[in-house]
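This is what each chain is made of:
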Amino acid sequence: KAGVTQTPRYLIKTRGQQVTLSCSPISGHRSVSWYQQTPGQGLQFLFEYFSETQRNKGNFPGRFSGRQFSNSRSEMNVSTLELGDSALYLCASKLAGVGADTQYFGPGTRLTVL
Amino acid sequence: DQQVKQNSPSLSVQEGRISILNCDYTNSMFDYFLWYKKYPAEGPTFLISISSIKDKNEDGRFTVFLNKSAKHLSLHIVPSQPGDSAVYFCAASVNTGGFKTIFGAGTRPFVKA
């Protein structure tokens, strides 16, 4: 089975712009979560989608949004980019809708905001 | 609000000896704990997990211990190998109508030959 894929792998934007990141989960996985990783902060939970519905949300401003499509692929959008948004954005998928199943991570998208 | 804390960003260990990575949590509602391993330029990969109803889980060189009364868990790696030099993230899950997983900041053991 193919793993979780994320596109693009690297992105450079300037302040004020917006960006859309894409995640394709493992085939059959219906839950997709997004995380932000910055040095010293670990992985900060952004949100989780299951069956096209946002089920959980972390403590991020409304500039961060996401959606999930009927084929379980997910996109994350960040509007009005700030310098502090520079980070590695990781997507993770898991099989079942409930239960603490193991998450499988993609390689991440490295976003640099200048 | 750091609900999951890994207070040591790094540690040094001799090859062949034991690496002990520690993790503390504050939310008593967490009922599932996991360790992930991450190399640069890759996403984290699952290593080992433990349910809150257990106090120990072992898988090869990796053992996770859970002390619920102290809200503390640890990962033991025995024997340590140079390839173990990666960032290890402790994570805890809570059911909020779907499981929300909170990660610590990570600890990196430097295994010296």
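Now for a look at the structure at hand. Note that this is a predicted model, so its numbers are computed, not measured.

## Observations regarding the sheet that holds strand E7 (residues 62-67) of chain B
Residues and elements named next belong to chain B.
Point 1. Taken in spatial order, the 5 strands line up as E1-E3-E8-E7-E6 in an open sheet, and their pairing is antiparallel. Taken across any chain shown, the strands that pair with only one partner, and hence form the sheet edges, are strand E1 (4-5) and strand E6 (56-59).
Point 2. Pairing geometry for strand E3 (residues 19-25) and strand E8 (residues 72-77), over 6 bridges, is antiparallel. Bridging from a neighbouring strand, Asp24 pairs with His72 of E8.

## What about the pairing of strand E7 (residues 64-68) of chain A?
Residues and elements named next belong to chain A.
Point 1. As paired strands, E7 and strand E8 (residues 74-78) are joined by 5 bridges and run antiparallel to one another. Bridge assignment links Gln68 to a residue of E8, and that residue is Ser74.
Point 2. The antiparallel pairing of E7 with E8 creates a hairpin that spans 5 residues between the two strands, and Ser72 there sits at a positive phi of about 75°.

## Some points on the nonpolar core
Point 1. Membership of the largest hydrophobic core comes to 22 residues, with the highest contact counts inside it found for Phe30, Phe33, Trp35, Leu73, Leu75 and Tyr88 of chain B.
Point 2. Looking at this core, the elements that each hand over two or more residues are E3, strand E4 (32-38), strand E5 (45-51), E7, E8 and strand E9 (87-95) of chain B.
Point 3. By residue number, the principal contributor to this core is E9 of chain B, which donates 4 residues.
Point 4. Ignoring anything within four residues of it in the chain, the contact list for Tyr88 of chain B reads Gln6, Leu21, Trp35, Tyr36, Lys37, Leu47, Leu75, Ile77, Gly106, Thr107 and Pro109 of chain B.
Point 5. Core analysis: the next-biggest nonpolar cluster, separate from the first, contains 21 residues, Leu21, Phe64, Tyr89 and Val113 of chain A among them.

About the thresholds
- Within each chain, residues carry numbers counting from 1 in the order of the written sequence.
- Here every chain gets a letter starting at A, and every ligand a number starting at 1, in the order they are written.
- Per-residue local features are limited, in this predicted model, to residues with pLDDT of at least 70; the limit for side-chain atom pairs, both in listing and counting, is 80 or more; totals at the level of whole chains, interfaces and linings are taken over all residues.
- As a rule here, side-chain values cover all heavy atoms of the structure and leave hydrogens and water aside.
- By definition, two strands form a pair when at least two bridges between them are found by DSSP.
- Working definition: helices are DSSP H or I runs of at least four residues, strands are E runs of at least two. Numbering for both runs from the N terminus.
- As used here, the term nonpolar core means buried Ala, Val, Leu, Ile, Met, Phe, Trp, Tyr and Cys residues forming a set that is joined through side-chain atoms within 4.5 Å.
- Relative accessible area decides the class of each residue, using a 1.4 Å probe on protein chains only: under 20% of the type maximum gives buried, over 50% gives exposed, and in between gives partly exposed.
- Residues are treated as being in contact if the distance between any of their heavy atoms lies within 4.5 Å.

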